[in-house]
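If you want the building blocks of each chain, they are given just below.
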Amino acid sequence: MHAADGSAEIEELAEPADPAAVARLICLQMLTAAPRTRAQLASALRRRGVPDEAAEAVLERFADVQLVDDAMFAQAWVDSRHRGRGLARRALAAELRQRGVASEDIQEAVGRLDPEQEAATARALVDRRLPGMQGVAKPARFRRLMGMLARKGYPEGLAYRVVRDALDAEPSELSEVSADLPEPEPDGQPVEW
């Protein structure tokens, strides 16, 4: 009798003497749940005790048939996380590095992110957050918005311009913002607040 979730079938297949069959099964299960990088699959195979030779052979075959493609993974990750979570290049690159994507694949993927789109996304994040900050002192709003953009990986200069523009564009009773905000240094970077 097999369990409805297929776990009995998995247990039967997980015990063959052929380590390559075990490696294939593990990889297919993981890839069914979500796209994975080669490094993530290799790590899972190591944790499950699959011999390195079998793991490498299976991963190579999966790469040949494009079931595992780190460059494609990186592109999809950048598109999805930028659009969905508003993450900037720096944060996206860090996430891809954590997943074991090669530096050249990371650079290519984040390099496709248009700087104008990145600025527009930062502005949209600030615009979405501002209405919930009514009644908060201007310097505190400035710091909070800058912090939000910093956590999402936006460069300080871009974040400063976006936040200052958004606060300056508020209705006139709120527009004395500029007087309360730190001025940029001569190099264009804001001072510490």
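Let us look at the structure shown here. Computed from a prediction, not measured in an experiment: that's the story for all the values here.

Focus on the pattern of salt bridges
Alright, step 1. Scanning all chains against the criterion turns up eight salt bridges.
Alright, step 2. The residue Arg 81 makes a salt bridge to Glu 95 at a minimum N-O spacing of 2.7 Å. Residue Arg 81 is located in helix 5 (residues 70–85), and its partner Glu 95 is located in helix 6 (residues 89–98); the two are separated by 14 residues in the primary sequence.
Alright, step 3. A residue is classified by how much of its surface remains accessible, and Glu 95, at 14% relative accessible area, is buried.
Alright, step 4. The network of salt bridges with common partners includes Arg 38, Glu 56 and Glu 60.

As for the packing of aromatic side chains
Alright, step 1. For the structure on display, the rule yields two aromatic pairs.
Alright, step 2. Pairing Phe 73 with Trp 77 gives two aromatic rings, centres 5.6 Å apart and planes at 20°, and the pair type is stacked. Taken as a pair, Phe 73 and Trp 77 lie in helix 5 at a separation of four residues, close to a single helical turn. Like Trp 77, Phe 73 is buried.
Alright, step 3. Ring centres of Phe 142 and Tyr 160 lie 5.7 Å apart, and the angle between their planes is 85°; on these two criteria the pair is classed as edge-to-face. One end of the pair, Phe 142, is in helix 9 (residues 138–151); the other, Tyr 160, is in helix 10 (residues 156–168), with 18 residues separating them in the sequence.
Alright, step 4. Classification of Phe 142 as buried rests on a relative accessible area of 1%.

Cut-off values and rules
Residues numbered from 1 in each chain as written. Predicted model: local features only at pLDDT ≥ 70, side-chain atom pairs only at ≥ 80, totals over all residues. Heavy atoms only, no water. Salt bridge = Lys/Arg side-chain N within 4 Å of Asp/Glu carboxyl O. Helix = DSSP H or I, 4+ residues; strand = E, 2+ residues; numbered from the N terminus. Buried < 20%, exposed > 50% of the residue type's maximum accessible area, 1.4 Å probe, protein only. Phe/Tyr/Trp six-rings, centres within 6.5 Å; stacked < 30°, edge-to-face > 60°.

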